[in-house]
Amino acid sequence: MTVNTPLCFRGKKILAPMVRVGTLPMRLLALDYGADIVYCEELIDIKMLQCKRVINVLETVDFVAPNERVVFRTCERERHRVVFQMGSADAERALAVAKLVESDVAGIDINMGCPKEYSTKASMGAALLSDPDKIESILTTLVKGICKPVTCKIRILPSVEDTVNLVKRIEKTGIAAIAVHGRKKEERPQHPVHCDVIKAISEAVSIPVIANGGSHDFIKEYTDIETFQKATAASSVMIARAAMWNPSIFRKEGLFPLKEVMEDYIKYAVRYDNHYTNTKYCLCQMLREQLETTQGKKLHAAQSTREICEVFEMADFYEETTAVFEAKKTSLETEAQDEDDQMEDPDVIKMAVRFDKREYPPQITPKMYLLEWCRKEKHPQPVYETVQRPLDRLFSSVVTVAEQKYRSTLWDKSKKLAEQAAAIVCLRTLGVPEGKLCEGENHLINKRKREDQEHLNNRDHREDLAEPSHKKANFIEETSDMDVPKM
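Residues numbered from 1 in each chain as written. Predicted model: local features only at pLDDT ≥ 70, side-chain atom pairs only at ≥ 80, totals over all residues. Heavy atoms only, no water.

Trainee: An account of the overall build of the protein chain is requested, with residue identities and associated values reported.
Mentor: Along the protein chain, the regular secondary structure elements total 18 helices and 16 strands. For the protein chain, buried positions account for 47% of its 487 residues. Carbon and sulfur atoms make up 51% of the accessible area of the protein chain, which totals about 25,400 Å². (Helix = DSSP H or I, 4+ residues; strand = E, 2+ residues; numbered from the N terminus. Buried < 20%, exposed > 50% of the residue type's maximum accessible area, 1.4 Å probe, protein only. Areas by Shrake-Rupley, 256 points an atom, 1.4 Å probe, with all protein chains shown as cover.)

Trainee: I'd like a rundown of helix 11 (residues 276–287), residues and numbers included.
Mentor: The terminal C-alpha atoms of helix 11, which comprises twelve residues, lie 16 Å apart, in line with the 16 Å expected from a rise of 1.5 Å per residue. Listing the buried residues of helix 11 in full gives N278, T279, K280, C282, L283, C284, M286 and L287. Where helix 11 is buried, its residues touch helix 1 (24–33), helix 9 (241–245), helix 10 (258–271), helix 12 (294–301) and helix 13 (305–311). The positive-phi residue at the C-terminal boundary of helix 11 is R288, with phi of around 50 degrees. (Expected span 1.5 Å × (residues − 1). Contact = heavy atoms within 4.5 Å.)

Trainee: An account of the sheet that holds strand 13 (residues 349–351) is requested, with residue identities and associated values reported.
Mentor: Strand order in the open sheet formed by four strands is 13-16-15-14, with mixed pairing between adjacent strands. Each edge of the open sheet is held by one strand with a lone partner, namely strand 13 and strand 14 (383–389). Along the sheet, successive strands turn relative to each other by an average axial angle of 20 degrees, direction set aside. Relative to strand 15 (residues 394–401), strand 14 is paired through seven bridges, and the arrangement is antiparallel. Residue pairing for strand 15: Y384 is matched across the bridge by V399. In this fold helix 15 (residues 366–376) packs onto strand 14 and strand 15, with an angle of close to 15 degrees to the strand it touches most, strand 15. (Pairing = 2+ DSSP bridges. Axes fitted to C-alpha atoms, helices over the stretch in contact; angles between N-to-C directions.)

Trainee: If you had to explain the pairing of strand 16 (residues 404–408) to someone new, which residues and values would you point to?
Mentor: Across three bridges, strand 13 lies against strand 16 in parallel orientation. Among the inter-strand pairings, K350 is bridged to a residue of strand 16, identified as R407. Strand direction decides the pairing type here: strand 15 and strand 16, joined by four bridges, are antiparallel. Across the sheet, the residue bridging to T400 is K405, located in strand 16. From the end of strand 15 to the start of strand 16, which pair antiparallel, there are two residues, and A402 there has a positive phi angle of about 50 degrees.

Listed below in structure tokens is the structure:
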């Protein structure tokens, strides 16, 4: 497919993907300070496929897990600069995730360099380096399946020749660029970065090579980025730990004081409702040797975003920002309610009810009772129409029975719960039992028991017809005479 994005990987300063660090506040801060491209933290394909895409009142796009946790949050400010990095060992899953996020990001990256056990045990990360066929399958599938550029990030192999051969094979998949961490999978930050290997790769392929791994040996300030780029002959430079310690490393004019950087970071964390544990982690990485100071100890003890702001004397900012957020949320909720009222069908019968499965016997629900009643009365089966409210991701369902519509005025957390609530409204309006435990004898349970017993009786009867009783007896006798293996 044709890549229809202006994203280019030559001559760029890039924020590297870092677990727990590369969330939205850090990415936005890096862009403010001069980063050209920002990578999000690695996100696992299986987790992403469980998510639903939601537009947040914060004006962000959220990918939300079933437990309501935000797995990936992005916004318009970074849409043409952010590369989504995923962990995957399966081409079809990778493609499904890429299609899920494609419209909200500038590119897709596959992590092939993470040496951590949680990644390699699932055949992801650095484990992929020993499976070139799988690498080729994943990357080729992505390049052919999406319109955004595809990249991958690797570590070097034990020999230069093997590394270059692998990268040449990767190049043939059609990816837009390759990031190379200049260390082997068993090496750690204290080991020297192998600039010579990155240089050999840069000279062997025509696609942009992004050099990574220079924070310890090279990059202490902005001018060092160019030094590392020249040493590796790379097209661009990707920065991890140096940016984690002080994201103003991307400023041509030089580093900002750490106090100012941390305050800027906190502002983004508050504005975009970043989880306090993540905010706290990133700030601790910035403080480093100052963690034992009074301020560092207070930060370590903080148990909320409000307390973090108090540590940095930003309580007023927190109160003002959250007040604006709450006012906006209230306004949107009012607008949503007004829209509900305007769109309200006067012919719909409504009640404020919820479905609580604890009030019903196992496997028995109001929907089952309503279906049973419709069959008995020779009505068409109930038809459910369910909608989700974008503001809070709650559901409401309308059920149509005998040309009459029913719904609960209360919104529910899931489509299934909303449908059960609509069924309750219908049953109560009709004066029909809904199956609750407090209603006494449950005719639906009794009916099911009778049906199950009839099914068993019919099965036994069919077996008796198919196999004479004397033959069954012989089989039992023969079996009893068989040799039983000794344990």
